[in-house]
Amino acid sequence: MAESNLPKGYEPWDVEKKWSSMWEENKTFTPDPSAPGEPYSIVIPPPNVTGVLHMGHALNITIQDILCRYMRQQGKNVLWVPGTDHAGIATQNVVERQLKEEGLTRDDLGREKFVERVWDWKQEKGDFILNQIRRLGASVDWSRECFTFDDQRAKAVREVFVKLYEEGLIYKGDYIINWCNRCHTALADDEVEHSPKPGHLYNVKYKLSDGSGELVIATTRPETMLGDTAIAVNPEDDRFNHLIGKTAILPLVGRELPIVGDSYVDMEFGTGALKITPAHDMNDWEIGRKHDLEIISILDEAGNVNENAPEKYQGLFKDEARKVIVADLEAEGYLMEVEDHSHSVGECYRCKSVIEPHVSTQWFVSMKPLAEKARAAVPSETQIFPENWAKTYYEWLDNIRDWCISRQIWWGHRIPAWTCEDCGELIVSTTDPDKCSKCGSSSLIQDEDVLDTWFSSALWPFSTLGWPDETAELDKYYPTAVLVTGFDILFFWVARMMMMGLHFKNEIPFHHVYIHALVRDENGKKMSKSTGNVIDPLEMSDKYGTDSLRFTLAAFAAMGRDIKLSEARIEGYRHFVNKIWNAARFALMNLDGKKPEASIGNAKGLANNWILHRLEEVKETMDEAITGYRFNEAAQTMYRFIWHEFCDWYLEMIKPDLYSEDEERKQATLAVLWTVLSETMVLLHPIMPFVTQEIWSVLPGVENDDIATVACPEKRENCLDEKAVAKMELFQGIVSSVRNIRTELQVAPSKKLDLLVRTGDEESLAIINESAELIKFLARLEKIEAGADIEGPEASGTAVVQGNEVYVPLAGVVDFEAEIARLDKEFAKLEKDLNMIEKKLANEGFVKNAPEAVVQKERAKLEEIRDKEAKLTELRERLVSVMK
């Protein structure tokens, strides 16, 4: 046990480093699967190895850590697995940018050397975000750290790929996919970010082949018309259905296009006729397959017009080709009209380039057979919190398309498929084959593509526990207890983990999914570097301490509601940390290095009975709040109890006991003080691990120096005392009313007042008489009189508390005329400020052009001044009435 005292001020930085190191060196958070205790496990959503901690990460880690620390207190066998994601495209882009600075490309190095270069980067920089997570106090088991591209995860990936292939759920085929011309790779549907963009609708004339007329077709992408292979109209459209079966001539190319009927065509959009370009539009691809249309791709993988287009346009990038084609259409009389048109544009989630639908040979997972079980498991086996996200989950699964899993990059899990050069046999295997299983040839070429990063991430809940091997961890900790994540990867990751867990383990991967909200700036705007409103979590930790940051995030983490965060709020909770620290110093000073031998059962008095009752209520509330994922309620409960009850009232109320010469009374109160402080530190620990551990380390008489391994305080039903609560409410009301009168009239704290109370009933009189000395002490009174027949003098400050009339005689205490004069001066100043703000808000130019936050701030000031004016008016009227 360390020396039982604390320095005057809490300096978090050395404290955090000290305890983080101790917990990691002692393997405090490394559980034994064979140890007793109900299993409780969480796998950390693996951040990208390229990532830098942002406020969303900080919230996510804080919530998971609160859960893990709390469940350890409940006696559960807790495993929290850390790790990172190899982040295929993102990581490859980082290293390619480095090579570009050196004047090199990945092709200059070749595949093997390039992959070695990425591994070198990972070894040097890859732990950066994990070290940032350490800073947040995450109680993960660092000995079980995983990486989605390490050997064990690679083993799991191959096992899954081969089994799905053998089951016919992985296949290779030509298909239209999302293609990024910048990253040169395919993207899954949910890796494409759609947003409305301003554009144009080009109305182009297509002449009928028989010369009987023409069709005008509206398109947003005139450059792709070079690949048109049909025109579609709705069979129900009487304007055009007579043309079905005829042909038209493709402008600028001269190719003859069949006119087909298809109910997909929206008769209200554009002209009601649709050009069909199967190679460059997802919907056109489906229509093309239905009508067996020719597929003509006119763009290469870089987005340049290829050899399938007229020579004039070959080599042009698609944006430049559009300009030239539009000019040619206009020059030849085919362009009828150009309209402004806003439409949804898909962009690469990594580089933000516009996505190009592209036909190529890719690997796919057949999703519908897997999706059925994943859908049925919610909510019967897995619950989603908040439950409104379940609807979004269902909608995605109900409309799921096959998952394109191949990527044309080099960093990642290379697809375990080999083609025999001699006989063309395709071999899919968990191990690298030496020869062809069909002809015996050793001339085998492995598929060049790698798997989508999300493929390995989908196996995370069981691959991190050792699967496909049978391990003690897998047996003990799967399924996991809860997944804490953001809504943006509900499709990317959560649904796919559900599918893979159910398919390969025949069990759900987690019992609960908690979807946390976004962390926005104080005005509710999304944080972004371009806006300049980003709050860096590590900067806040450096400035105010990690506990302050964690508590702020928890205090505002209401389920389903975005967090509006400001630095001022974090600073405010740093004051809370200081309050806790000072309260602990006061307690330790009075404990004098010893745990009291007295029993709390011997403690007497309102303060002790009340605080012990409230402590029991706090235990119950904390349990309900944390297990119900109401982290804001948990944090606010601790804040109110520590600041407004323990510090503001209890510590002040027990000072007469602590300074008493009655040793038995003093020791009994010290026993309560020690109990409340020690148990409060344990209750607060999941949210504020560092300051609670530091205080715990100097608290005399604790049996275990490491608070992280201390069980949650047992409940003491015998300490519940509703009568003490009722008495305390009256006590607080009377003391507060005297303090308010003193404050309103600016009576000096050193000036002792008298108090008269006309009681409304015998019970109130008994409580006041019983607590008279304590009321005098806290309200700084000379004397107190109470009774049913008390008459208060006219010159009194008054209040009513639970039907009891409170009088504070003011004759000789307050100079009424001087006080009224002071109020009049304050009124004049407020009126001046009020006029200035009203004038500003009446200025239409200010309201229209000033930032919304500035306008709202001025309006808030206006309301504040009006509120203050109303209170001062009421006070002035009371003073005038007293003078009469």
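A few points on the structure.

The rules behind these values
Residues numbered from 1 in each chain as written. Predicted model: local features only at pLDDT ≥ 70, side-chain atom pairs only at ≥ 80, totals over all residues. Heavy atoms only, no water. Helix = DSSP H or I, 4+ residues; strand = E, 2+ residues; numbered from the N terminus. Buried < 20%, exposed > 50% of the residue type's maximum accessible area, 1.4 Å probe, protein only. Contact = heavy atoms within 4.5 Å. Pairing = 2+ DSSP bridges. Axes fitted to C-alpha atoms, helices over the stretch in contact; angles between N-to-C directions. Lys, Arg positive; Asp, Glu negative; His and termini not counted. Salt bridge = Lys/Arg side-chain N within 4 Å of Asp/Glu carboxyl O. Polar contact = N/O pair within 3.5 Å; in protein donor to acceptor, adjacent residues only side chain to side chain. Expected span 1.5 Å × (residues − 1).

**Section: the environment of Ala374**
Okay, so step 1: Note on placement: Ala374 falls in helix H10 (residues 368-376).
Okay, so step 2: We classify Ala374 as buried; its relative accessible area is 0%.
Okay, so step 3: Measuring from C-alpha to C-alpha, the distance between Ala374 and Tyr349 comes to 25 Å, with 25 residues separating the pair along the chain.
Okay, so step 4: Ignoring anything within four residues of it in the chain, the contact list for Ala374 reads Tyr393, Leu397, Ala495, Met498, Met499 and Leu502.

**Observations regarding the sheet that holds strand S28 (residues 796-801)**
Okay, so step 1: Taken in spatial order, the 4 strands make up an open sheet running S27-S26-S29-S28, and their pairing is mixed. In this open sheet, the two edge strands, each paired with only one partner strand, are strand S27 (781-787) and S28. Ignoring strand direction, the axes of neighbouring strands in this sheet form an average angle of 20°.
Okay, so step 2: Pairing of strand S26 (residues 753-758) with strand S29 (residues 804-809) involves 3 bridges; the strand directions are antiparallel. In the sheet register, Val757 faces S29, and the bridge partner there is Val806.
Okay, so step 3: Packing against the sheet, helix H25 (residues 762-770) makes contact with S26, S27 and S29, and its axis sits at approximately 160° to S27.
Okay, so step 4: Running over the sheet, helix H26 (residues 772-779) touches S26 and S27 and is turned about 135° from S27.

**Let's talk about the pairing of S28**
Okay, so step 1: Here S28 pairs with S29 via 6 bridges, running antiparallel. Its bridge partner being in S29, Gly797 is matched across the sheet by Val808.
Okay, so step 2: From the end of S28 to the start of S29, which pair antiparallel, there are 2 residues, and Gln802 there has a positive phi angle of about 50°.

**Here's the deal with the side chain of Arg574**
Okay, so step 1: Turning to its location among the elements, Arg574 is positioned in helix H18 (residues 567-591).
Okay, so step 2: Buried within the structure, Arg574 lacks any salt-bridge partner; its nearest side chain of opposite charge belongs to Glu11, at an N-O separation of 5.4 Å.
Okay, so step 3: Of the polar contacts made by the side chain of Arg574, one reaches the backbone oxygen of Tyr10; its length is 2.6 Å.
Okay, so step 4: Filtering out sequence-adjacent residues up to four positions away, Arg574 remains in contact with Tyr10, Pro12, Trp13, Tyr544 and Ser548.

**Things to note about the pattern of salt bridges**
Okay, so step 1: Considering all chains together, one arrives at 57 salt bridges under this definition.
Okay, so step 2: In this structure, the salt-bridge partner of Asp648 is Lys579, at a minimum N-O distance of 3.7 Å. In this pair, Asp648 is assigned in helix H20 (residues 631-653) and Lys579 in helix H18, connecting sequence segments 69 residues apart.
Okay, so step 3: What makes Asp648 partly exposed here is its relative accessible area of 27%.
Okay, so step 4: Using a relative accessible area of 26% as the deciding quantity, one classes Lys579 as partly exposed.
Okay, so step 5: Put simply, Asp824 and Arg876 hold a salt bridge, and the shortest N to O gap is 2.8 Å. You can see Asp824 sitting in helix H27 (residues 816-842) and its partner Arg876 sitting in helix H29 (residues 852-883), a full 52 residues away along the chain.

**What about the sheet that holds strand S5 (residues 170-180)?**
Okay, so step 1: Pairing is antiparallel in the open sheet, where 4 strands are placed in the order S6-S5-S14-S16. A single partner strand is all that each edge strand has here, and the edge strands are strand S6 (185-187) and strand S16 (403-404).
Okay, so step 2: Here S5 runs beside strand S14 (residues 356-365); their pairing, made up of 10 bridges, is antiparallel. Each residue of the ladder has a partner; that of Ile177, found in S14, is His358.

**Some words on helix H7 (residues 151-166)**
Okay, so step 1: If you check H7, its first and last C-alpha atoms are 23 Å apart, about what 16 residues at 1.5 Å a residue would give, namely 22 Å.
Okay, so step 2: All buried positions along H7 are accounted for by Arg153, Ala156, Val157, Arg158, Val160, Phe161, Val162 and Leu164.
Okay, so step 3: Gly168, located one to two residues past H7, shows a positive phi value of around 80°.

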